[in-house]
Structures are given as C-alpha cells and as structure tokens.
Amino acid sequence: MNIPSSDSPVRIEQLICTNRFGTFFGVSQQVFDRVWHQLTSPDGESVAYVSMEIGADPDVFHPVMDRLEHARIREHANSQLDGLVQKYLHGPRKIPNYSGGLGVLAGDTLKSFADLHVPALAISLLYREGYFSQIVDSKVGQIDHATRWTPETTPSLFQLRNPEAPEKPLVIEIPFYNGQLHPTVVKAHVWMKLEISGQLDSFVPEFLIDYSLPDSPAWVMESAHQLYNAKSAIIKANQRRMLGSAILPLLDVLGCTSRTIHLNEQHGITVTLHLILQELHDTFGDVALDRISDADILAAAERVSRKIVYTIHTPVKAGHDRFSRELYSAISHNAFQRILNLLAHDEEISHEYNFTAMAMRINRAINSVSRLHRDVTKKQFPAFANKIKAITNGVHHLTWISEQRAACFNQTPSLRSWRTDPSCFCTLAGQDAADLAPKLEEAWRADNRQLIAYVNAMLKRHREQMIETWIDPPNHLSSLPETEWLQPGVFTIGFARRFSTYKRADLIFDDIDRLSDILISLNRPINFLFAGKAHPADEPGKSVLKLILDNQEELYIRSKGLGKLVFIPGYDMQLAKLLVSGVHAWLNSPKRPLEASGTSGMKAAMNGVPNISIMDGWWVEGYHEGQTGWKFGYEGPVEEADLSEAPDALLYTEDAAAFYQALPAILESFYDRPETYLERALNNLRLNIPIFNTHRMAAEYVAQYGLRLPQDQEELIDRFRRLYLSEENGPHN
Ligand SMILES: *Cc1c(COP(=O)(O)O)cnc(C)c1O
C-alpha cells in the first residue's frame, strides 16, 4: 500500500462532498469547494486539459482506496456511505479509456496537477467499449474483441446529476453542423472522475462525455463506443468532432471559466472552429457570412489562438489527422469550411484538411515532448520553428514506484519527502545511499519473484484454458514441463508498449543465431518478457507481434534453453507496473527519431531499473555514460529521410548488430559484478527520478500556461523548474 506510515487514519464522513451536480467521494467538502471555486472563478486562472484518452486506472494508484484499506474500513452504519465504501472496495479497478502512452501521460499529468494544486480540469470521451481487449493465439496472433466495462459500478466515477431534477442525469446539448446552417443538437451525459492528490488535499476533475444515450442518432452511436475506432474515415472524423464540440457546452453548463485550453495532441482542435464562430458572432452579430472577409476570419482566429496551448506528441504520420475536404465539408457549417480552407490547408495534399497544421496555426504556445523531438518537429514544421519549445515528458512517480521500492525510500532519511518532492532523490549520497543499496537490492529481488510467479501462473492458465477453448497458448513454454519455465534471479529484460512498426519490438531477434551464440558462449541465461497491443487496423503491427510468438521456439532451441521469450497478453497499466519494477533492464528499440519521448523507460528508472535503449526520445536526456544504463544503435544526425517508416528504412541490421555488441558487457555487469549493476540502479534514482517525473513537467506547463498562482504555491512549483528546464541544457547534459 502506497501510503506513509505516519498518516492518521481517515474518517469516512470526511470523504464525502456534494454540490449542485451530485454527491462525490474521496475529498472533504472543504477541499471540494476550494477546487470548484478556483475552476469557476471569474479570473479564469485555470486550465482545461483536453485529451482523446486518459489512462488512470485505480489499480495502480488510488490514494482513497489505500486509506480505506489502511484503516481496515470494510463497512459503514450509514447506508449511503456504506454503498460508496462497498463500491470502492469491490468495484472494478480498470477504466479502459486509453490505448497507450498518450493516455497514460494524460493521467499522470492530471495526478501531478492535483498533487501540486494546479487549478485544472480535464475533458475526454467515455467509450462504452473502451479500447479493445486482446487475446493471443500462437497460430493466429492477436485476436481483438470488444471490452466490456460498466462505468456505473466503477469506483471514483460519478455520473453528474441535473441540478433542477437530481433524480435525472445532467444532459448537455452539443451542436453539430452536418452541412447545415443551423445546428443539430446532440445530447450527452457527463461522468466525473476525481483525480485525487496523494495527500487527499486536492483533486482534478476529469469530465468524460458520454454520447451513448438510448436515443442518440446512429452516426453518433457508431462513433461513441470504441476509442480510435478506425472502421471508416467518417467515424474517425466524428470522434474528433465529438471531443472538440463538447468542450464549450460543458464548460458553460458547469460554469467553468478556464482561459487556457490545453490540447494534448491535436484531436480536440475543432473546438477552435466553435470559438472562431463565437468571435465572429460577437463582432458582427447576425451578419450573413458572405459579408465577412477572410481577413476578419483570420483576425478572429488570432484572438482565439490566445486561448490555446498545444502539445505535439509524435513525428509519425499516422498520429496526425487528415480528412478529405469532401468528407469534411459534408459534416461542417459553411463558416467552418471557410475557416478550414484558411487554416487547415495541407501543404502537400491539396484535397485534404490537415488538423496538425491547423493546431500549429491556432495557438499561443506549442511544445514537443523531448529535446530531440523538438528539433525534429522544427524540421517537419519549419514555418513554426521559433514557436516550438521542448517540455520533456515525465511520469507520476507515486503511480509507478512499486510498493517494495517505496518501503525502502520511506526508511531513508534524506528521502523523507520523496512522495511530495521527487527532486529530493538528487541528494541521495554517502551513508544514506550505502544503507539504501542492500534494501533496494532485496526489494528488487522480491519484485522480480512476484513478476516471475505471475508469468509462470499465466503459462499454467493458458495450458489449462487450451482444454476448454480453441485458443492455442501464445507461449511455446506452456507446452514444455514446468521445470523449463521461468526462474527468478535470471537476467530479465522487459519490453512492453503498443506494437507499432517503428517501435521495432522484434529488432533484437533479427539474428537469432548471433543472439544465441552470445548466450551459449557466456553460458548465461536471459528471460525476455514482451507485452503490447497492435491497433486492430494496424496489420503490419500485428505481424510484428506474430513474429515475436514465432521466434520463441527457435530462440529456445538455438540457445539450448538459455534464451526464453514470453509474450504476456492484455497489456495495461497494472501489467506495466509489474514489469517495470520486476525486470532487471528495460529495452527500448525504436527507429530513431520516431519515438518522440517514450515514457515506459522512465517508469523503469523510477524503480532504479536501467534502460537499454536506442538514443531516441527521453533517453538522449536520461542516458549518462556508464551510469544509468546502456545505449545502442544509430545516433547520428536526423534528416527528413530518417522520418520514413518504410521497411527498408528501419535500419534493422545495423541496430540489431549494435545490440549484440553491447549485450556481453551488460550480462557481465549483472552476473559477475552485481555491485556495478546496483550502482547503476542508484544512479537512476539520483539522476533520473528528479527530472523525468510529471511534477517537473507540470511545473514547466504552468509556466507555459502563464497561470498566476499564489506566491507560496508558485515557489513550491518553481523548485522543480529550477532543477531542469527542457528548453535548456540541464545540469547533467
Ligand atoms: C507507459 C505505458 C505506455 C507507453 O509506453 P512507451 O514506451 O512510451 O511507448 C503504453 N501503455 C501502457 C499501458 C503504459 O503504462
């Protein structure tokens, strides 16, 4: 349980709060009122954070549940309170509204905003079938199926109520202009998740727009169920509109006043169409559109851009939305078409609208997600080069540090404040470091045992399932005797993330003979643990996943049983946490420079686990020679041609060879000189925790937003910024 031992137990009565929109659980009425007051204050000093996906599963971080469990609270005499407690203790702990790094980053960001008391709210969609669930069959590969989940029973989610009729849900009305002058109004419900700070003294509300109402039109329904449904371009376009068009009606109904809208990727950019329309209306009243000039529209867009802050997350083309003009014209107001013609034109493809280009044009600030990504983005969008700044990603340290590691940090005097101040790890030295080292080693061993036990139990389950289902176990090991399964203490490398071709999950198996020869000549075993989903429409991504399965037996045989490769289906945040703390090294093998940041490696670093990585994304900043881990592969200059994802541009042969070259020294450090390996772990704590956490990132965002915060809070936040500024070269670079 991730809570400090000194904490006084909570009283349930202090965790209930209420306002016009319902009764909620998790923070006191006083905290609730303070936050709501800030979000509705006329000064507008708050941010509305907009994201297509948010990953913040309660099973990896939930301070309220931790408090209930810590206090051994199982029931309550008051039936309303008892209902809430039962829901918290026994409800499902997964909210499958994310697909990968973008969503998890959003969740981690909001948690740090809550911890640092940054006035913020978030807006996303509620997908009744979430992101797809994955089954893996060794013959077929990935099989995707719809996820079933029930927002109604999920702890920490509350459907907002209608203030005039509390027995009914709140309904917001959202305008869509399907090629008409006057809007079609679509109704939606709103769910609120409270992202509560580790100290329970603040929160960030996440508002999830739920379009799946029984009488919603068919075109809304088909776009509302699944995150990143790619069945057709029109569904994709509608999903973007459903996010962008809901923002203003929602803020309006709630009375929220945020002056800043932060677009986490360009998905919500259509909010600017509504803002520009509003500006034109405010300036010209009901004047007919054909009497408004292009210059007037551009002037209105200029005023709107002062509200928008934009984060671009990837140089990969699939991450940038483009829609054919023909398709988009059929679903937009004719004013929107004029705005799009002026601001969303694509430099290369004249018959398409480019939403990334539009986001580049309409904003007051743009940031990329690492220093290298900044340089790449400037090359991709030279017209905006001097606006593009770096704010390197981070992860929420309280979410990703394992319980066993947390217990070690709790016992270390110089880390006393680590929960509220991750920068304190930079002072770890001397006697404290010496005392921590053996404890960290023991905690690591325990986390590794837990992971290996989990994997072996899975192998067994798959073997048994085969008898009842038609599914062939995804792992070759399931068919071998249990004595051949995984052993704790064997050097274990983890790799888990979305299966996209540029991430090259299969890179290190490019030459299985060479890999096997290394293991045999050193006589050292390795476990390779892989997990991740390929988007259902991404056939090349699915092929890479299948290749991982196909390589298992060959590796096992060629290496005489020294190399064991296991695929774990159903990657999610809980599995991520188990992996990043239980493995001995984290592998990252993307094609440079296509991994804009990468965050799973930061989660490993939070636990002291060294990375073995291509010099891409955050690792360019987090790698310190001989200290935090290993690098391999191409690290030369980055040119336009390097952005290609064509198979022959993916540098498999060269980068795989570089991995094989690096491997013997890594094995030697782990098996023969474990003190050098442990020193690398301590260096990750010292050098990487203080920087690659979302508290530091949030502090940089606060500066980007230009929020005026009370002085004591500003000073607290400034401490994180002083340690590292992504735009400049930090103290260690
Ligand atoms: C952290 C995380 C990711 C992102 O991993 P990258 O290495 O940045 O691609 C994806 N999925 C889950 C479930 C995660 O926890």
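Thresholds applied
- Residues numbered from 1 in each chain as written.
- Predicted model: local features only at pLDDT ≥ 70, side-chain atom pairs only at ≥ 80, totals over all residues.
- Heavy atoms only, no water.
- Buried < 20%, exposed > 50% of the residue type's maximum accessible area, 1.4 Å probe, protein only.
- Helix = DSSP H or I, 4+ residues; strand = E, 2+ residues; numbered from the N terminus.
- Arc of directions from axis to C-beta.
- Contact = heavy atoms within 4.5 Å.
- Pairing = 2+ DSSP bridges.
- Right-handed = clockwise from strand over helix to strand, strands pointing away.
- Core = buried A, V, L, I, M, F, W, Y, C linked by side-chain atoms within 4.5 Å.
- Domains from an automatic or database assignment.
- Buried area = accessible area lost by both parts, 1.4 Å probe.
- Salt bridge = Lys/Arg side-chain N within 4 Å of Asp/Glu carboxyl O.
- Polar contact = N/O pair within 3.5 Å; in protein donor to acceptor, adjacent residues only side chain to side chain.
- Phe/Tyr/Trp six-rings, centres within 6.5 Å; stacked < 30°, edge-to-face > 60°.
- Axes fitted to C-alpha atoms, helices over the stretch in contact; angles between N-to-C directions.

## What about helix H15 (residues 403–410)?
Next up, step 1: Those residues of H15 lying buried are Arg 405, Ala 406, Cys 408 and Phe 409. What you see down the axis of H15 is that its buried residues fit within an arc of 155 degrees, all on one side.
Next up, step 2: At its buried positions, H15 is contacted by helix H16 (430–468), helix H19 (573–582), helix H20 (600–606) and helix H23 (674–688).

## A short note on the pairing of strand E22 (residues 585–588)
Next up, step 1: Neither face of E22 is exposed, since Ala 585 and Leu 587 on one face and Trp 586 and Asn 588 on the opposite face are all buried.
Next up, step 2: Alignment of strand E19 (residues 491–496) against E22, held across two bridges, turns out to be parallel. Directly across from Gly 494, in E22, lies its bridge partner Trp 586.
Next up, step 3: Pairing analysis gives three bridges linking E22 to strand E23 (residues 611–614), with the strands arranged parallel. Bridging across to E23, Asn 588 finds its partner in Ser 613.
Next up, step 4: In this region the chain leaves E22, passes through H20 and returns to the parallel neighbour E23; the handedness of that crossover is right-handed.

## Things to note about the nonpolar core
Next up, step 1: Core analysis: the biggest nonpolar cluster contains 108 residues, and Phe 409, Phe 491, Phe 509, Phe 528, Phe 530 and Leu 579 have the highest contact counts within it.
Next up, step 2: Structurally, this core is a two-domain feature, drawing no fewer than three residues from each of domain 1 (12–390) and domain 2 (402–694).
Next up, step 3: Contact partners of Phe 528, with chain neighbours within four places excluded, come to Ile 493, Ile 508, Phe 509, Leu 515, Leu 555, Lys 564, Leu 565 and Val 566.
Next up, step 4: By size, the runner-up hydrophobic cluster in this structure holds 101 residues, among which are Ile 73, Leu 243, Cys 256 and Phe 355.

## Looking at the domain arrangement of the protein chain
It is common to give the size of an interface as the accessible area that goes away when the parts come together.
Next up, step 1: What the domain assignment lists for the protein chain is domain 1 (12–390) and domain 2 (402–694).
Next up, step 2: At the junction of the two partners, domain 1 supplies 45 residues and domain 2 supplies 46 residues.
Next up, step 3: Both sides together, the interface formed by domain 1 and domain 2 hides about 3,600 Å², and carbon and sulfur atoms give 61% of it.
Next up, step 4: Broken down residue by residue, the surface that domain 1 buries against domain 2 is led by Gln 134, Val 136 and Leu 372, which jointly contribute 16%.
Next up, step 5: Our count for the domain 1 to domain 2 interface comes out at four salt bridges.
Next up, step 6: For the interface between domain 1 and domain 2, the tally reads 18 residue pairs in polar contact (both at pLDDT 80 or more).
Next up, step 7: Listed by contribution, the elements that provide at least two residues to the side of domain 1 that touches domain 2 are helix H4 (101–115), strand E5 (133–137), strand E6 (141–145) and helix H13 (371–380).

## Comments concerning the packing of aromatic side chains
Next up, step 1: Counting across every chain of the model gives 37 aromatic pairs.
Next up, step 2: Ring centres of Trp 618 and Phe 692 lie 4.8 Å apart, and the angle between their planes is 70 degrees; on these two criteria the pair is classed as edge-to-face. Of this pair, Trp 618 sits in the loop between E23 and helix H21 (619–622) while Phe 692 sits in the loop between H23 and helix H24 (694–705), and the two are 74 residues apart along the sequence.
Next up, step 3: Judged by its relative accessible area of 1%, Trp 618 is buried.
Next up, step 4: Exposure remark for Phe 692: the relative accessible area of 1% places this residue in the buried category.
Next up, step 5: With a centroid separation of 5.2 Å and 85 degrees between ring planes, the pair formed by Phe 670 and Tyr 677 is classed as edge-to-face.

## Observations concerning the sheet that holds E19
Next up, step 1: What the six strands build is an open sheet, ordered E21-E20-E19-E22-E23-E24; its pairing is parallel. Each of the sheet's edge strands pairs with one partner strand only, and the pair in question is strand E21 (563–568) and strand E24 (629–632). Across the sheet, the axes of successive neighbouring strands diverge by a mean angle of 20 degrees, strand direction being ignored.
Next up, step 2: Alignment of strand E20 (residues 526–531) against E21, held across six bridges, turns out to be parallel. Directly across from Ala 531, in E21, lies its bridge partner Ile 568.
Next up, step 3: In the packing of H19 onto the sheet, the strands contacted are E19, E20, E21 and E22, and the crossing angle to E20 comes to about 160 degrees.
Next up, step 4: Sitting on the sheet, helix H22 (residues 652–671) is in contact with E19, E20, E22, E23 and E24, with an inclination near 160 degrees to E24.

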